[in-house]
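Take a look at the letters that make up each chain.
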Amino acid sequence: MDQRARRKIRGNHPSRTETRKRIRQNENSVRELWDNIKHANIRIIGVPEGEERDKGAENLFVKIIEENFPHLRKETDIQVQEAQTAPNKRSPKRPTPRHIIIKMSKIKDKERILKAARERPQVTYKGKPFRLSADFSVETLQARREWHNIFEVLKGKNLQPRILYPSRLSFRMEGEIKSFP
Amino acid sequence: MDQRARRKIRGNHPSRTETRKRIRQNENSVRELWDNIKHANIRIIGVPEGEERDKGAENLFVKIIEENFPHLRKETDIQVQEAQTAPNKRSPKRPTPRHIIIKMSKIKDKERILKAARERPQVTYKGKPFRLSADFSVETLQARREWHNIFEVLKGKNLQPRILYPSRLSFRMEGEIKSFP
Amino acid sequence: MDQRARRKIRGNHPSRTETRKRIRQNENSVRELWDNIKHANIRIIGVPEGEERDKGAENLFVKIIEENFPHLRKETDIQVQEAQTAPNKRSPKRPTPRHIIIKMSKIKDKERILKAARERPQVTYKGKPFRLSADFSVETLQARREWHNIFEVLKGKNLQPRILYPSRLSFRMEGEIKSFP
């Protein structure tokens, strides 16, 4: 069978490319939905199991705020919408403690807490360090990792790159700020 | 045209299987999004139409709590986020009353109410029985129905099966708890 | 290669139509998810940039309610879940002010405010007119625009068409109300 015949066969399926494009758009939209749902979430990573079960995840979060950000506790009325232990998707036998997800009532409260966390050398629970992080979809985390490599190259060239929420990259070129994607 | 030629043609579309896999992953992700959005919902099934229209769906829900779970009313401050009548997707002429969806502010309150409902022989509104249920996506309900058959077989073999949220199945085999999918 | 051979090749891919159907169903489900997430949102369109930055989007919204719907302010306890400036997806250089998105705690409050806005000749901020609107997915807005043309035809024929939430159309024919899709 020659090239022409092949093209003809392909001609029967004009929407192959179109189909792939629609699948990709759908994937992007689903990723944005996940990020939207997780937008007000804070992840607590590395607090030993057992602690939060005894006291409840929400109570643990209050203790963390008191230990690390007492000024936030006083200044604003930070409201927790929901507090849950994240399912351990990989393997139930892994020795690492499962993450705790705190859904704040307001995105602003999440941002205020994460900003305060970045400004401290470390956050601790009963004196032991752990991590506070935003909560992204698996796909966005992957995209951020990929941007990170490009970020380092741009930084090396002094193009002032920034990673924007949730996984866009901006940099400065010839006096203009450009952003991707 | 022989096998080899066919394979060649298929060779032009190496991502057929890949495409199907991505569609399936996307479908799963969309199902999980729906279950996530519905996670704090309670469905009220079988309360005659008209009742809730006169009083409002949220007020009806308060009446149901008072009639069936007065201890929950006192013990905790159960907060309703949203109360709505579910659209009747099938046929607007069906004589069955439409479901009412109650979105709780906290998932824990939903769980507490459904647990209390399971512990009673029946729940009633003005003395007449109706049903309280979790709110799942169409796809998850389908998956649960499929698990249900397997559940019965495993139960017959005394493997202590359990259906987990939203549509996973666990059972005990040789002293170990296994779960699917 | 003849027709029969082509059919045979197509016979190797029996799920082409099935695949397209699944993609379309997935797209519809994603669109419904977006509309569900945006269901309690109000869009503020046309308030000059700068204003909301100085005062915060939530405070601006309170001012708008006070200026246009003082009765709603007194009558009910309207609660804002979240207030944000919408990202300007098209071009960051566009001179049009970005929309502000207000997520209400209850869908009913959104409906009450939009109803009150429709009943006034115009809504104003510091005396200058702007628009209040529901917040739909891009796909639903597209679908509504398409319905709008059909709507005009039906209206011309006196079939009493209505556009339902989020993008369904109903009309009256031979005494019966019919709706699409």
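Everything discussed here concerns the structure shown above.
As the structure is a prediction and not an experimental result, all values here were calculated from the model.

Novice: Would you take a moment to explain the overall build of chain A for this structure?
Specialist: When helices and strands are counted, chain A shows seven helices and eight strands. A total of about 11200 Å² of accessible surface is found on chain A, and carbon and sulfur atoms cover 50% of it.

Novice: Explanation requested: helix H7 (residues 138-156) of chain C in the structure shown.
Specialist: Because the α-helix completes a turn every 3.6 residues, residues three or four places apart line up on one side. Taking 1.5 Å per residue as the helical rise, H7(C) with its 19 residues ought to reach 27 Å, and the 28 Å between its terminal C-alpha atoms agrees with that figure. The set of residues buried in H7(C) consists of Thr140(C), Ala143(C), Trp147(C), Phe151(C) and Leu154(C).

Novice: Would you take a moment to explain the pattern of salt bridges for this structure?
Specialist: Any two side chains of opposite charge can pair, so long as their charged atoms come close to each other. Taken as a whole and judged by the stated rule, the model has 19 salt bridges over all chains. Linking Arg22(C) and Glu27(B) is a salt bridge whose minimum nitrogen-to-oxygen distance equals 2.7 Å. With Arg22(C) in helix H2 (residues 16-37) and Glu27(B) in helix H2 (residues 16-37), this residue pair bridges two chains. Residues joined in a network through salt bridges with shared partners are Lys38(A), Arg43(A) and Asp135(A).

Novice: Which parts of the structure should I look at to understand the sheet that holds strand E2 (residues 80-85) of chain B?
Specialist: Two pairing modes exist for strands in a sheet, parallel and antiparallel, and in both the strands are linked by backbone hydrogen bonds. Residues and elements named next belong to chain B. Strand order across the open sheet formed by five strands is E2-E3-E1-E5-E4, with antiparallel pairing between neighbours. Of all strands in the sheet, those with a lone pairing partner are E2 and strand E4 (123-125), marking the two edges. Taking the axes of each pair of neighbouring strands and ignoring which way they run, one obtains an average angle of 30° across the sheet. As judged from the five bridges shared by E2 and strand E3 (residues 100-104), these two strands associate in the antiparallel manner. Pairing of Ala83 across the sheet is with Ile102, part of E3.

Novice: Hey, could you run me through the pairing of strand E5 (residues 128-134) of chain A in this one?
Specialist: When a strand is regular, its side chains alternate between the sheet's two faces. All names here are of chain A. Pairing analysis gives four bridges linking strand E1 (residues 41-45) to E5, with the strands arranged antiparallel. Following the sheet pairing, Ile42 is matched in E5 by Ala134. Where strand E4 (residues 123-125) and E5 come together, three bridges link them in antiparallel fashion. From the neighbouring strand, Thr124 faces E5, where its bridge partner is Pro129. Hairpin connection of E4 to E5: two residues between the antiparallel strands, including Lys126 at a positive phi of 50°.

Novice: Would you mind going over the sheet that holds strand E3 (residues 100-104) of chain C with me for this structure?
Specialist: Residues and elements named next belong to chain C. The five strands are arranged E2-E3-E1-E5-E4 in an open sheet whose pairing can be described as antiparallel. Where the open sheet ends on each side, the last strands, each with one partner, are strand E2 (80-85) and strand E4 (123-125). Direction aside, neighbouring strands of the sheet carry axes that sit 30° apart on average. Along the sheet, helix H6 (residues 107-118) contacts strand E1 (41-45), E3, E4 and strand E5 (128-134); its crossing angle with E5, the most-contacted strand, is approximately 140°.

Novice: Can you walk me through the packing of helix H2 (residues 16-37) of chain A against H2(C) in this structure?
Specialist: Two measures define how a pair of helices packs: the angle their axes make with one another and the distance between the axes. Running from N to C, H2(A) and H2(C) point in directions that differ by 30°, and their axes come no closer than 10 Å. Between H2(A) and H2(C), the angle falls in the class roughly parallel. Of the two elements, H2(A) crosses H2(C), and the hand of that crossing is left-handed. Contacts between H2(A) and H2(C) involve Arg16(A), Thr19(A), Arg22(A), Ile23(A), Asn26(A), Ser29(A), Val30(A), Glu32(A), Leu33(A), Asn36(A) and Ile37(A) on the former and, on the latter, Arg16(C), Arg20(C), Ile23(C), Arg24(C), Asn26(C), Glu27(C), Val30(C), Leu33(C), Trp34(C) and Ile37(C).

Novice: I'm lost on unusual backbone geometry in this one. Help?
Specialist: A positive phi angle, close to 50°, is found at Lys126(A), a residue other than glycine. Relative accessible area serves as the criterion here: at 52%, Lys126(A) is assigned to the exposed category.

Novice: Please explain helix H4 (residues 57-68) of chain B as it appears in this structure.
Specialist: Residues and elements named next belong to chain B. The terminal C-alpha atoms of H4, which comprises twelve residues, lie 17 Å apart, in line with the 16 Å expected from a rise of 1.5 Å per residue. Of the positions making up H4, those classed as buried are Ala57, Leu60, Phe61, Ile64, Ile65 and Asn68. Viewed along the axis of H4, the buried residues span an arc of 140°, placing them on a single side of the element.

Novice: I'm lost on the environment of Ala116(B) in this one. Help?
Specialist: Residue and element names in this part refer to chain B. Structurally, Ala116 is set in helix H6 (residues 107-118). A relative accessible area of 10% places Ala116 in the buried class. Apart from residues no more than four positions distant in its own chain, Ala116 is found in contact with Phe69, His71 and Leu72.

Novice: Could you clarify how one ought to interpret the side chain of Asp109(B) in this entry?
Specialist: With respect to the helices, strands and loops of the structure, Asp109(B) is situated in helix H6. Not counting residues within four places of it along the chain, the set of residues in contact with Asp109(B) comprises Asp77(B), Ile78(B), Gln79(B) and Met104(B).

Calculation criteria
Residues numbered from 1 in each chain as written. Chains lettered and ligands numbered in written order. Predicted model: local features only at pLDDT ≥ 70, side-chain atom pairs only at ≥ 80, totals over all residues. Heavy atoms only, no water. Helix = DSSP H or I, 4+ residues; strand = E, 2+ residues; numbered from the N terminus. Areas by Shrake-Rupley, 256 points an atom, 1.4 Å probe, with all protein chains shown as cover. Expected span 1.5 Å × (residues − 1). Buried < 20%, exposed > 50% of the residue type's maximum accessible area, 1.4 Å probe, protein only. Salt bridge = Lys/Arg side-chain N within 4 Å of Asp/Glu carboxyl O. Pairing = 2+ DSSP bridges. Axes fitted to C-alpha atoms, helices over the stretch in contact; angles between N-to-C directions. Contact = heavy atoms within 4.5 Å. Parallel < 35°, antiparallel > 145°, perpendicular 65-115°, else oblique. Left-handed = near helix turned anticlockwise from the far one by under 90°. Arc of directions from axis to C-beta.

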